[in-house]
Amino acid sequence: MESVEVTTTAVRVEARTPAGRAVCPACGCWSGRVHGSYLRFPRDLPTAGKFVVVSLRVRRFVCEEESCERKTFAEQVPGLTRRFGRRTERLRSTLVSVGLALAGRAGARMTDALKVPVSRNTLLRLIASLPDPVTAAPRVVGVDEYAQRKGRIYGTVLVDVETRRPVDLLPDREANTLAAWLAERAGIEIICRDRAPFFAEGATRGAPQALQVADRWHLWHNLGEAAEKCVYRHRGCLRPTSVQPEEPSEEPEPEPEPVTSSPWPTGHRFAECTRAKHAAIHALLDAGHSKRSVARQLGMTLNTILRFSRATTPEEMFTGQWQSRVTRLDGFKPYLDQRWQEGCTNAWKLWEEIKEQGYPCGYAGVRDYVSRNLRGKPQPVGPRPPSARAVTRWILTHPDALPEGDQVQLKAVLANCPEMTALSEHVRSFGHMVAHLQGDQLPAWIEAVTSTTDLPSLRHFAQHLERDLDAVTAGLTLPWNSGVVEGHVNRTKMLKRQMFGRAGFALLRKRVLLAS
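Model, not experiment: these values are computed from the prediction.

Enquirer: How do you make sense of the overall build of the protein chain when you look at a structure like this?
Expert: Counting its secondary structure elements, the protein chain contains 20 helices and 13 strands. Burial status across the protein chain gives 40% buried among its 516 residues. Sequence separation of at least 24 residues holds for 58% of the intrachain contacts in the protein chain that already meet a minimum separation of 6. Roughly 30,000 Å² of accessible area belongs to the protein chain as shown, and the carbon and sulfur atoms make up 52% of that amount.

Right under this line is the structure:
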């Protein structure tokens, strides 16, 4: 170092390389014959918020080896400079760390805060120039897919399960690509995967010597989906039992209201809807609710509540002769009314139910019927029946971890439906196999489930297990799983979204393999 000059905005350091010899980068021979010297100005990390510029005088040597193709070469300072480098090595490593962590635009904003401003393209070029990390051949590999563009483009991430580090990233999820990657690595002994057919085929073709292990979480998740379908199929058993008739009261029964003469028939849909709205509005008003409160509760406008409140009888609201017309929904209206009284108030769910029964039209007709005819009807008094998803969650939860209230409701549901009882027993026996790694009991469990006729979704799940029986048995026997792979899938998605989808697969692969 020869001198240091400090200004208000920068620090300039003048230095020269020490005297001696240098090694030719082409032939590796030492040379002490100096051809000349020149100045280099590599940027360095800032000091006290000021830019640092190094004015370095380096020498150019003449290669004394006659067979060498290079006649002259410039010396490099180890740990400080590299060929054609305009930054010091520590500044370069800092920019690389920022680029791996934040990618282009966000990384460029961070370099501005660090007083070493560079463009986003510079950061991306630095990342792309990095070599792939040198890793040993893995023994246990985890395979899973990730979405480059959800629903259209998928890739494959491979993780060393023992070291918990990503090994490689493949541009697609085809069986041929995975088989070619596995064929190049003969030391793989175990492959952890889900039950996707392309991964099973690729693992079988690329590494026939490896043992395939199906992930237990995916097995339990698939079982939960099958169990929910079974519960929904028997949703009629979720309704509470009929309420016992109350003891007769000593108070005299109210006299029936006199039948008023009306041109509207008793079963007319518009007349019945108007009568129901009139009764609901006047019942709330008699209970002491304000008109605005009634409007909020029934989802009506204030003007509608005012008109109904002024009418002493519903017949006063019959001001027009509406013509009833026959629609395709008429045959399903009794079922919709029954489900509404049972507590199902979701119009989309009601439409899906009658669609399974043969309703040919779309959702709009059901939505209009529910909003016009059912919204004003009073709901049944009593507890709402549990949903199919809630009952599925109770069945999938360990009995010791289930709250007391949920245990009571589950017992009531199982008491009303023997199919639910059988489903609960099958699910808990499978959960016992998963928790205690008892894969040898899987064939007996599959045989017991396939003989069940009233649980078709669970039977189909068991039949699918038979297609991949060896991998499923290994997954329920060995301690290996794909949990670490799922974590890297989420991390890959985060890195992909961080680049806003504008960077290619090569840059994403670099960041996945090199970012810590």
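Past the structure itself, the notes keep going.
Enquirer: Quick question: what am I supposed to make of the nonpolar core here?
Expert: A general trend in soluble globular proteins is that nonpolar side chains are found buried together. Of all hydrophobic cores here, the largest spans 37 residues; its most connected members are Leu423, Phe430, Leu442, Trp445, Leu458 and Leu465. Elements supplying a minimum of two residues to this core: α6 (216-233), α13 (388-396), α14 (404-416), α15 (418-436), α16 (442-450), α17 (456-467) and α18 (469-475). By residue number, the principal contributor to this core is α6, which donates seven residues. Filtering out sequence-adjacent residues up to four positions away, Leu423 remains in contact with Ala227, Cys230, Val231, Ile395, Leu455 and Leu458. Grouped together as the second largest cluster of nonpolar side chains are 30 residues, Ala103, Val161, Ile190 and Ala474 included.

Enquirer: Explain the packing of α13 against α15 here, please?
Expert: A packed helix pair is summarised by two numbers, namely the angle formed by the two axes and the spacing between the axes. Where α13 meets α15, the axes come as close as 9 Å, and the angle between the chain directions of the two elements is 45 degrees. If you check the angle between α13 and α15, you find them oblique. Every residue of α15 that contacts α13 at Trp394, Ile395 and Leu396 is listed here: Leu423, Ser424, Val427 and Arg428. Tallied by class, residues from the contact of α13 with α15 come to five nonpolar, one polar and one charged.

Enquirer: Whenever I open this one, the state of the cysteines confuses me. Can you help?
Expert: Note: disulfide means a covalent bond formed between the sulfur atoms of two cysteine side chains. In total, this model carries zero disulfides according to the counting rule given. In this structure Cys29 is not part of a disulfide, and its nearest cysteine sulfur, from Cys27, lies 3.7 Å away. With relative accessibility at 28%, the residue Cys29 sits in the partly exposed group.

Enquirer: Would you take a moment to explain the pairing of strand β6 (residues 43-47) for this structure?
Expert: Each regular strand carries side chains that alternate between the two faces of the sheet. The sheet contact formed by β6 and strand β7 (residues 50-62) spans three bridges and is antiparallel. Its bridge partner lying in β7, Thr47 is registered against Lys50.

Enquirer: Whenever I open this one, a nonpolar patch on the surface confuses me. Can you help?
Expert: Residues Met1, Val4 and Val6 make up a contiguous nonpolar surface patch of about 340 Å² in total accessible area. Secondary-structure assignment places Val4 in strand β1 (residues 3-6).

Enquirer: In this structure, what is going on with helix α10 (residues 333-341)? I would like to understand it.
Expert: Helical periodicity: at 3.6 residues per turn, an α-helix aligns residues three or four positions apart in one direction. Turning to α10, its buried residues number three or more, namely Lys333, Tyr335, Leu336, Arg339 and Trp340. All buried residues of α10 project into a common sector of 160 degrees when viewed along the axis, lining one side. Phi turns positive, to about 110 degrees, at Gly343, one or two residues after α10.

Conventions used here
Residues numbered from 1 in each chain as written. Predicted model: local features only at pLDDT ≥ 70, side-chain atom pairs only at ≥ 80, totals over all residues. Heavy atoms only, no water. Helix = DSSP H or I, 4+ residues; strand = E, 2+ residues; numbered from the N terminus. Buried < 20%, exposed > 50% of the residue type's maximum accessible area, 1.4 Å probe, protein only. Contact = heavy atoms within 4.5 Å. Areas by Shrake-Rupley, 256 points an atom, 1.4 Å probe, with all protein chains shown as cover. Core = buried A, V, L, I, M, F, W, Y, C linked by side-chain atoms within 4.5 Å. Axes fitted to C-alpha atoms, helices over the stretch in contact; angles between N-to-C directions. Parallel < 35°, antiparallel > 145°, perpendicular 65-115°, else oblique. Nonpolar A, V, L, I, M, F, W, Y, C, P; charged D, E, K, R; others polar. Disulfide = S-S within 2.5 Å. Pairing = 2+ DSSP bridges. Patch = residues over 30% accessible without salt bridge, like charges linked within 9 Å, V, L, I, M, F, W, Y side chains within 5 Å. Salt bridge = Lys/Arg side-chain N within 4 Å of Asp/Glu carboxyl O. Arc of directions from axis to C-beta.

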